[in-house]
Amino acid sequence: MADKPWSGRFTKATDALVEVFSASLDVDARLYREDIEASASHARMLASQGLISQDEAQAIVEGLEAIGRDIESGVFTFDIALEDVHMNIETELTRRIGEAGKKLHTARSRNDQVATDVRLAVRNALGGIASELRGFMGAVLDKADAHVDTIVPGMTHLQHAQPVSLAHHLLAYFEMALRDCGRIADCLKRVNVSPLGSAALAGTPHPIDRETTARELGFTGPARNSMDAVSDRDFACEAAFVCSLVMMHLSRLCEEVIIWNSQPFSFITLPDSLCTGSSIMPQKKNPDVAELVRGKTGGVYGSLMSLLVMMKGLPLAYNRDMQEDKKPLFEALETTGSCVRVMTLLVAGMEPRKDAIDASLQDGFITATDLADYLTARGMPFREAHRVTGEIVAVVAGRRGKRLKDLSLEELRAFSPLFEEDIFSALEPESSVDRRTSFGGTARRNVRAALQEARVLLDALGHET
Ligand code: ARG
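Residues numbered from 1 in each chain as written. Predicted model: local features only at pLDDT ≥ 70, side-chain atom pairs only at ≥ 80, totals over all residues. Heavy atoms only, no water.

Student: Hey, could you run me through the overall build of the protein chain in this one?
Tutor: Summing up its helical and strand segments, the protein chain has 20 helices and 4 strands in all. Computed over its C-alpha atoms, the radius of gyration of the protein chain comes to 30 Å, more than 25% above the 23 Å expected for a compact globule of 465 residues. Expressed along its principal axes, the backbone C-alpha trace of the protein chain runs to roughly 100 × 50 × 40 Å. Burial statistics for the protein chain: of 465 residues in total, 49% are counted as buried. Taking all contacts inside the protein chain whose residues are at least 6 apart in sequence as the whole, residues at least 24 apart take part in 73%. Approximately 22,400 Å² of the protein chain is accessible, and the part contributed by carbon and sulfur atoms is 55%. On the protein chain, the mean spot of the 52 positive side-chain charges and the mean spot of the 66 negative ones are 3 Å from each other. (Helix = DSSP H or I, 4+ residues; strand = E, 2+ residues; numbered from the N terminus. Rg over C-alpha atoms; globule rule 2.2 N^0.38 Å. Buried < 20%, exposed > 50% of the residue type's maximum accessible area, 1.4 Å probe, protein only. Contact = heavy atoms within 4.5 Å. Areas by Shrake-Rupley, 256 points an atom, 1.4 Å probe, with all protein chains shown as cover. Lys, Arg positive; Asp, Glu negative; His and termini not counted. Charge placed at Lys NZ, Arg CZ, Asp CG, Glu CD.)

Student: For this particular structure, what's the right way to read the site of the ligand?
Tutor: Contacts to the ligand come from Ser24, Asp84, Arg110, Asn111, Val114, Tyr318, Gln323 and Lys326. Between Asp84 and the ligand, the recorded distance is 2.8 Å, taken from a side-chain N or O atom to a nitrogen atom. Contact with the protein chains covers 86% of the free accessible surface of the ligand, which is 350 Å². Here the shell around the ligand is built from residues that sort into 2 nonpolar, 3 polar and 3 charged. (Near = heavy atom within 4 Å. Polar contact = N/O pair within 3.5 Å; in protein donor to acceptor, adjacent residues only side chain to side chain. Nonpolar A, V, L, I, M, F, W, Y, C, P; charged D, E, K, R; others polar.)

Student: For this particular structure, what's the right way to read the layout of surface pockets?
Tutor: Over the atoms a probe the size of a water molecule is rolled, and this reveals where empty space is left. Its boundaries defined by the atoms lining it, the largest pocket holds a volume of some 460 Å³. Contributing to the lining of the largest pocket are 21 residues, with Met155, Thr156, His169, Arg252 and Glu256 lying nearest its centre. Tallied by class, residues from the lining of the largest pocket come to 11 nonpolar, 6 polar and 4 charged. (1 Å grid on protein atoms, 1.4 Å probe; cavity = no way out; pocket = protein on both sides within 12 Å on 5 of 7 lines; lining within 4 Å. Points joined across faces, edges and corners; volume = space filled by probe spheres on them.)

Student: Explain the pairing of strand β2 (residues 159-165) to me, please; I cannot follow it from the model alone.
Tutor: Both strand β1 (residues 151-156) and β2 contribute to a ladder of 6 bridges, which runs antiparallel. The residue bridging Val152 from the neighbouring strand is Val164, located in β2. Joining the antiparallel neighbours β1 and β2 is a turn of 2 residues, in which His157 adopts a positive phi near 55°. (Pairing = 2+ DSSP bridges.)

Student: I keep staring at the environment of Val257 and nothing clicks. Help me out?
Tutor: Here Val257 lies in helix α11 (residues 234-261). For Val257, a relative accessible area of 1% gives the class buried. For the pair Val257 and Gly127, spaced 130 residues apart in sequence, the C-alpha to C-alpha distance is 27 Å.

Student: How should the packing of aromatic side chains be read in this particular structure?
Tutor: The description of an aromatic ring pair uses the distance of the two centres, along with the angle that the planes make with each other. By the definition in use, this model includes 4 aromatic pairs. Each ring, one from Trp6 and one from Phe10, has its centre 6.4 Å from the other, and the planes form 55°; the classification is tilted. Judged by relative accessible area, Trp6 falls into the partly exposed class, the value being 24%. Its relative accessible area of 43% is what places Phe10 among the partly exposed residues. For the ring pair Phe76 and Phe78, a centre distance of 4.8 Å and an interplane angle of 65° mean the geometry is edge-to-face. (Phe/Tyr/Trp six-rings, centres within 6.5 Å; stacked < 30°, edge-to-face > 60°.)

Student: Sorry if this is basic, but what is going on with the pattern of salt bridges here?
Tutor: A side chain of one charge can pair with a side chain of the opposite charge when the charged atoms of the two come close. Using the criterion set out here, one finds 39 salt bridges in the structure. Note that Glu331 and Lys327 form a salt bridge whose closest N and O atoms lie 3.8 Å from each other. Of this pair, Glu331 and Lys327 both sit in helix α13 (residues 326-349), separated by 4 residues, roughly a single helical turn. Judged by its relative accessible area of 41%, Glu331 is partly exposed. As a salt-bridge pair, Asp406 and Arg403 come within 3.3 Å of each other at their nearest N and O atoms. (Salt bridge = Lys/Arg side-chain N within 4 Å of Asp/Glu carboxyl O.)

Student: Mind showing me how you'd approach helix α20 (residues 444-464) here?
Tutor: Along an α-helix, a turn takes 3.6 residues, which lines up residues three or four apart on a common side. Its 21 residues give α20 an end-to-end C-alpha distance of 30 Å, which sits within 8% of 30 Å, the value for a rise of 1.5 Å per residue. Considered for burial, the residues of α20 that qualify are Arg444, Asn446, Val447, Leu451, Ala454, Leu458 and Leu461. Angular distribution of buried residues about the axis of α20 spans 135°; they occupy a single face of the element. Turned more than 90 degrees away from the buried face of α20, the exposed residues are Arg445, Gln452, Val456 and His463. (Expected span 1.5 Å × (residues − 1). Arc of directions from axis to C-beta.)

Student: I'm lost on unusual backbone geometry in this one. Help?
Tutor: Peptide bonds are, in most cases, trans, and in most cases residues other than glycine have a negative phi. Omega for the peptide link from Leu316 to Ala317 comes to 0°, which places this bond in the cis form. Mapping Ala317 onto the fold places it in the loop between α12 (288-312) and α13. The backbone phi angle of Glu83 is positive, close to 60°, even though this residue is not glycine. Following the sequence through the fold, Glu83 ends up in the loop between α4 (54-73) and α5 (85-97). Residue classification places Glu83 among the buried residues on the basis of a relative accessible area of 7%.

Any link to function would need more than the numbers given here.
Next up, the structure:
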């Protein structure tokens, strides 16, 4: 009972059930490093402002560092009766260094303390995800580099649409990841603002220096409004949203990997090291990594939703509801980081199977648009060319097993006199790809240039951080 910092106001001990119920140690003990760093900075600032002595500050900083070492080596025992990481560390500090420890909480509250610690943790985690994403993008570029000449059926509605370079397809994921990195950088601007010194909600009468602690902790500056600083968690929502989009992109890639790896497609093989087998069906080699990333995406979306709903009814300023931010937030950040890392392996490890891909390009009408484009280039209005091509497709499709290019020139001429001998080369997947030279199109010349540009963009990202 006497252990609790609020014991002055209370005459009865906390109910044992409530003690366990309200503790957050299981999720916030991991904030010990941030807590110690922020507390040490606060103590140094208190001393330079003359609010505590230099000796007291030194005892506090050294005491905090010793506690940090003990936590790291696993000899520190957290006490659930002390609710959270903040009270555990502060109480232990006072136990170890005496009176000076009791001065650490001058001009601060757990409200600005926890907001500061969480912002520091989010900053680190987002930085980690950004660096994982750069690794992922590197793997995407390497795979794309090796497969500029691998022509695959591009799909819409999961149906053969138009042939594309596999590199072009992969570079689409590069673009998504690049935007994800941009979103992280942008989110970090708002995360990286210091609540420290906002105290409970209203600021403090003590002459503190928030600029200095903000700068020491690597923040761009102190938050302008003390009530906002302790009570908003929009930065946490934003971080979870950024994670959600990263996961959405990864999950779409996973879906493709799963489809490509399925027997009817057999477009890729995956390394044994990234697959698992079945306990009963000896022939199985399952793309579990991709399925798990796809599955975990739902959990990350759930984290975002938890945070949004937790916040929507809270009056200013701090409310204890906000203690519930950490679990979803940390889960989203951790899951996303590990998913990006494992997807880097998956991209590096998947190998396209040219035999199956080529075979799939042969069947059907994947260059039907090229037939219409051919007529259009020779003066037929596109709408009409589309209709004529549709009629040709219907006729060919009616003859079992026939492909567009199996028609003779005479048969084609029956539909339009514009057809010449060169129509047949126009129907080859390679020439279909290479004619798509419009900016952003899949012509291999474009794709090679896009790859080079992507390398430069990735390089620049590395230097930004
Ligand atoms: N463990 C709390 C949290 O995570 C710390 C802040 C507690 N503040 C309070 N006024 N009870 O939100």
